[in-house]
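Observations on chain architecture
Given next are the chains, with one letter for each unit.
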Amino acid sequence: MSQYDVVICGGGVIGGSVAYALSRNKDLKIALVDYKNPGNASRASAGGLWAMGESTGLGCGVILFKTLSKQLQEGADVSQAEGMKPHIMPKPFFDLAMMSNAMYPALNQELLEKHGVDMKFEKTGLKFVLFDQYDRIYAEHIASAVPDRQQHIRWLDRDTLLSEEPNISREAIGAMEFDTDHQINPYRLNDAYVEAARQNGVDLYLNTKVTGIERQGNRVTAVQTSRGKLDCGMIVNAGGSWAEQISLWATGMQMPVFPVKGQVLVSEKLPKILNGCITTSDCYIAQKDNGEILIGSTTEERGYDTSTDLTLLKQLAQGAMKSIPQLRDMNIKRCWAGLRPGSPDELPILGPMPGIEGYMNACGHFRTGMLTSAITGKLLNELVRGEPTSVDITPFLYDRFLNESGDMVGEYHLEASL
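First things first, this report covers the structure right here in the doc. (Residues numbered from 1 in each chain as written. Predicted model: local features only at pLDDT ≥ 70, side-chain atom pairs only at ≥ 80, totals over all residues. Heavy atoms only, no water.)

A look at helix α10 (residues 310-323)
With 14 residues, α10 should cover 20 Å at 1.5 Å per step; its first-to-last C-alpha distance of 20 Å lies within 8% of that length. Along α10, the residues that are buried comprise L313, L316, A317, G319, A320, M321 and S323. Tucked inside the fold, the buried residues of α10 contact β12 (258-269), β14 (284-287), β15 (292-296) and β16 (332-342). The backbone nitrogen of T311 has a side-chain oxygen 2.8 Å away, supplied by the residue at the start of α10, namely D309. (Helix = DSSP H or I, 4+ residues; strand = E, 2+ residues; numbered from the N terminus. Expected span 1.5 Å × (residues − 1). Buried < 20%, exposed > 50% of the residue type's maximum accessible area, 1.4 Å probe, protein only. Contact = heavy atoms within 4.5 Å. Polar contact = N/O pair within 3.5 Å; in protein donor to acceptor, adjacent residues only side chain to side chain.)

Following this line, the structure appears as structure tokens:
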């Protein structure tokens, strides 16, 4: 039997970040338990630190507009497009994302210098490439929706875009760029957090299933695993798409976290053909540090299904080739489906559960786990230690899903279906 101050359930990028943040002071005995369920989200991420993009409906969100704009093109009614609005996330999330995004340069340096691990942080910017008037209308709506962030928006005419990204299609008419949005390698970020935590003394229980949670009264006391029981003073639920089961074991309460499938494909290694990350109304495209081109992503609510669909992958590939004709000659290295941990309002669920001691949530990050992992680790470290938090976490508490009677009323699908 082992005794820990904190047991973290889930070793994806969120659990890894929490483990690393908690272990910095080396004053707590910590365990991280992880089992690689098929479709875990961290390995399927693009690694985009797209704080502005993901908060304003770019990234995956813009693909919704593609569908709608196509319908409008068929009807040729521009006035309808002008009435459509991008999916702007609420200000608390926007601020959280921007704060987390700003942490990465220093975090990258810290992990490199202290632990010898490299997340491959790259300053790239994120360009929304425009191909027609509907793309421009969508971009203009985004810009007008964030009046306090104008300093981070840069408009590129066609000639400027092609001078900066010479491999973009000549059919593009320009771009809107967010200069704050960069990228890391998702595999390397996850591994960096976990390895740095291990170096700080965290015990890793990898390929280990959480099989139950013990509680005495209203206090969580132990985590049961496939390798034995881990007594503890606190658990952190970083279970990704599987977070609800941990909540049910630990608290008896439902948790509206559910899998949202994203299909992605990756090219063979190519010479550098992109200077920044690209998003369009068809897909996003990110060339990683090793030369691979990552193209994503679908957004599908299909339970824990991790199968891939040739039709949808073909649509992503066609979208990428439309933007970068050179990709017609590439070979696909692999494709897969990952399961993002969705929440009804797309906001993460952080902090305690009402009436339960020794339990913290760090789940429901949907498609922004990479981006918000840094601030999540920082906040969970503060919460576990009973310190004031750097950010007001009220908008992210589980309580937002409770009605006046204390019953959970959260839906098990996205509020804004993409």
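Some remarks on the pattern of salt bridges
Evaluation of the coordinates by the stated rule reveals 25 salt bridges. One salt bridge connects R154 with E164, and the closest N-O pair in it is separated by 2.7 Å. Taken as a pair, R154 in strand β5 (residues 153-157) and E164 in helix α7 (residues 158-164) lie far apart in primary sequence, 10 residues in all. For R154, a relative accessible area of 33% translates into the label partly exposed. (Salt bridge = Lys/Arg side-chain N within 4 Å of Asp/Glu carboxyl O.)

Some thoughts on unusual backbone geometry
Of all residues except glycine, most have a negative phi; of all peptide bonds, most are trans. Residues G296 and S297 are joined by a peptide bond in cis, for which omega reads -20°. Of note in this structure, K120 is not a glycine but carries a positive phi near 60°. As for its placement among the helices and strands, K120 is situated in the loop between α5 (91-115) and β4 (126-130). Judged by relative accessible area, which is 25%, K120 ranks as partly exposed. You will see that N207, though not glycine, has its phi angle at about 50°, which is positive.

A look at the packing of aromatic side chains
Under the defined criterion, the tally for this structure stands at five aromatic pairs. Ring centres of W50 and Y284 lie 5.3 Å apart, and the angle between their planes is 75°; this geometry places the pair in the edge-to-face category. Separated by 234 residues along the polypeptide, W50 in the loop between β3 (48-49) and α2 (51-55) and Y284 in strand β14 bring together distant segments of the chain. A residue is classified by how much of its surface remains accessible, and W50, at 2% relative accessible area, is buried. Ring plane angle 65° and centroid distance 6.3 Å describe the contact between Y398 and F401, whose orientation is recorded as edge-to-face. On the basis of relative accessible area, Y398 is assigned to the buried category, the value being 1%. Looking at K209, its charged tip hangs above the ring of Y35, at a distance of 4.9 Å from the centre. (Phe/Tyr/Trp six-rings, centres within 6.5 Å; stacked < 30°, edge-to-face > 60°. Lys NZ or Arg CZ within 6 Å of the ring centre and 35° of its normal.)

Notes on the environment of P186
Tracing the backbone through its elements, the reader meets P186 in helix α8 (residues 186-199). Looking at P186, the relative accessible area reads 1%, which means it is buried. On a C-alpha basis, the gap between P186 and M119 in space is 7.5 Å, while along the polypeptide they are 67 residues apart. In this structure P186 touches S42, S45, A46, G47, K288 and M370, once residues within four positions along its chain are discounted.

Considering the side chain of H115
With respect to the secondary-structure elements, H115 resides in helix α5. Given the relative accessible area of 11%, H115 is considered buried. Within the structure, the side chain of H115 is placed 2.9 Å from the side chain of Q199, a separation counted as a polar contact. Among residues more than four places away in sequence, those in contact with H115 are Y20, E110, A196, Q199 and N200.

Re the environment of L402
Considering the arrangement of structural elements, one finds L402 in the segment after α11 (369-384). Among the residues examined, L402 registers a relative accessible area of 23% and is labelled partly exposed. With 126 residues separating them in the primary sequence, L402 and G276 have C-alpha atoms 42 Å apart.

Here's the deal with α5
With 25 residues, α5 should cover 36 Å at 1.5 Å per step; its first-to-last C-alpha distance of 35 Å lies within 8% of that length. Within α5, burial applies to F93, F94, L96, A97, M98, S100, N101, Y104, L107, N108, L111 and H115. Elements that come into contact with the buried residues of α5 comprise α1 (13-23), β3, α2, α8 and α11. Just beyond α5, the residue with positive phi is G116, at close to 70°.

Details of the packing of α5 against α8
Running from N to C, α5 and α8 cross one another at 50°; their axes reach a closest spacing of 11 Å. When the axes of α5 and α8 are compared, the pair comes out oblique. Crossing geometry of α5 relative to α8 is assigned as left-handed. Listed contacts from α8 to Y104, L107, L111, K114 and H115 of α5 are L189, A192, Y193, A196 and Q199. (Axes fitted to C-alpha atoms, helices over the stretch in contact; angles between N-to-C directions. Parallel < 35°, antiparallel > 145°, perpendicular 65-115°, else oblique. Left-handed = near helix turned anticlockwise from the far one by under 90°.)

Focus: the nonpolar core
If you look at the biggest cluster of nonpolar residues, it comprises 62 residues, and the most contacted ones within it are I8, Y104, M176 and V236. With near-sequence residues (within four places) excluded, V236 lies in contact with V6, V7, I8, C9, V18, M360, A362, L380 and V384. If you look at the next biggest cluster of nonpolar residues, it comprises 27 residues, including V33, V223, V257 and I356. (Core = buried A, V, L, I, M, F, W, Y, C linked by side-chain atoms within 4.5 Å.)

Examining the pairing of β14
Remember that side chains alternate between the two faces of the sheet whenever the strand is regular. Here β14 shows no split at all, with Y284 and A286 on one side and I285 and Q287 on the other all buried. The pairing of strand β13 (residues 277-279) with β14 spans two bridges and is antiparallel. Within β14, the position partnered with I278 by the bridge is I285. Between β13 and β14, which pair antiparallel and follow one another directly, the connecting turn spans four residues. The pairing of β14 with β15 spans four bridges and is classified as antiparallel. Directly across from Q287, in β15, lies its bridge partner I293. The loop that links β14 with its antiparallel partner β15 comprises four residues; one of these, G291, has a positive phi angle of about 95°. (Pairing = 2+ DSSP bridges.)

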